[in-house]
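Topology and contacts: notes
Here's the letter readout for the chains.
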Amino acid sequence: MYYKFSGVTQRLVGAAASAAYNPQGLKPIVSTESPALIFGTTSKLSSDLPATDSFLGKNKVPDLQKLFQKADGLPVHLKRGVPDKLLYRTTMALTIGGTIYCLVALYMASQPRNQK
């Protein structure tokens, strides 16, 4: 006789051989063939592409490395000038404004309502 664990009664119960060897309703794999490709596209090697493609622009990494590694005393997040300063100051203003708003909301929520 074969046994399997019942999830309902939390006990061992009698079972058929196929249920005991395939617990929780798992069935053996019927097909071992891989399914057909759904989005199968041909791939192109980089050597097959022409050298004048527009996406192969100038390598900017060495220039950016020089900019970010320059010892000018500025933090990395402010090294690119005015746009970085604008983003930094906007982020700080929104952070401080959000903190003040949360504190005001907590203060208002902690005050009892007027009973009329």
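All figures in this text were calculated on a predicted structure; none of them were measured in a lab. Residues take numbers from 1 onward in each chain, read along the sequence in its written order. Where local features are concerned, this predicted model is filtered to residues with pLDDT of at least 70; where side-chain atom pairs are given and counted, the filter is 80 or more; whole-chain, interface and lining totals use all residues. As a rule here, side-chain values come from all non-hydrogen atoms in the structure, and water together with hydrogens is ignored.

1. A closer look at the overall build of the chain
Using the following cut-off: Secondary structure follows DSSP: runs of H or I at least 4 residues long count as helices, runs of E at least 2 residues long count as strands, and numbering of each begins at the N terminus. Throughout this description, buried means an accessible area under 20% of the type-specific maximum (1.4 Å probe, protein chains only), exposed means over 50%, and partly exposed covers the range between. Any two residues having at least one pair of non-hydrogen atoms within 4.5 Å are treated as being in contact. To measure how exposed things are, a 1.4 Å probe is used in the Shrake-Rupley method; for residues, cover is taken only from the protein chains shown.
Along the backbone of the chain there are three helices and two strands. The buried share among the 116 residues of the chain stands at 4%. Pairs at least 24 residues apart make up 0% of the contacts formed inside the chain by residues separated by at least 6 positions. Counting every atom, the chain has about 11400 Å² of accessible surface; 63% of that belongs to carbon and sulfur.

2. Here we look at the confidence of the model for the chain
Counted only if it meets this: Known as pLDDT, the predictor's per-residue confidence is scaled from 0 to 100.
With 72% of its residues at a pLDDT of 70 or more, the chain shows a mean pLDDT of 81. Model confidence for the chain, summarised as mean pLDDT per element, is weakest for helix α1 (residues 17-21) at 68 and strongest for helix α3 (residues 82-110) at 96.

3. Observations concerning the side chain of K79
The line we're drawing: Within 3.5 Å is the distance limit for a polar contact, defined as a pair of N or O atoms, with the added protein rule that one can donate a hydrogen and the other accept it, and that residues adjacent in sequence qualify only through two side-chain atoms.
Looking at the element boundaries, K79 is found in the loop between α2 (61-69) and α3. Judged by relative accessible area, K79 falls into the buried class, the value being 10%. Engagement of the side chain of K79 in a polar contact is seen with the backbone oxygen of F68, the distance being 3.5 Å. The residues contacting K79, other than those within four sequence positions of it, are L67, F68, K70, D72, L74 and D84.

4. A look at the pairing of strand β1 (residues 2-5)
The test is simple: A pair of strands counts as paired when DSSP detects no fewer than two bridges linking them.
With four bridges joining them, β1 and strand β2 (residues 12-15) adopt antiparallel strand pairing. When the bridges of β2 are listed, Y3 appears paired with G14.

5. Some points on unusual backbone geometry
With a phi angle near 60°, Q10 is a residue other than glycine that sits in the positive phi range. Of note, Q10 is situated in the loop between β1 and β2.

6. Comments concerning a nonpolar patch on the surface
Condition: Each patch groups residues whose relative accessible area exceeds 30% and which form no salt bridge, using 9 Å between like charges and 5 Å between nonpolar side chains of Val, Leu, Ile, Met, Phe, Trp and Tyr. We count a salt bridge whenever a side-chain nitrogen from Lys or Arg sits within 4 Å of a carboxyl oxygen from Asp or Glu.
Together, Y88, M92, I96, I100, V104, Y107 and M108 line one region of the surface with nonpolar side chains, adding up to about 720 Å² of accessible area. Along the chain, V104 falls in helix α3. Accessibility expressed as a relative area gives 42% for V104, which makes it partly exposed.

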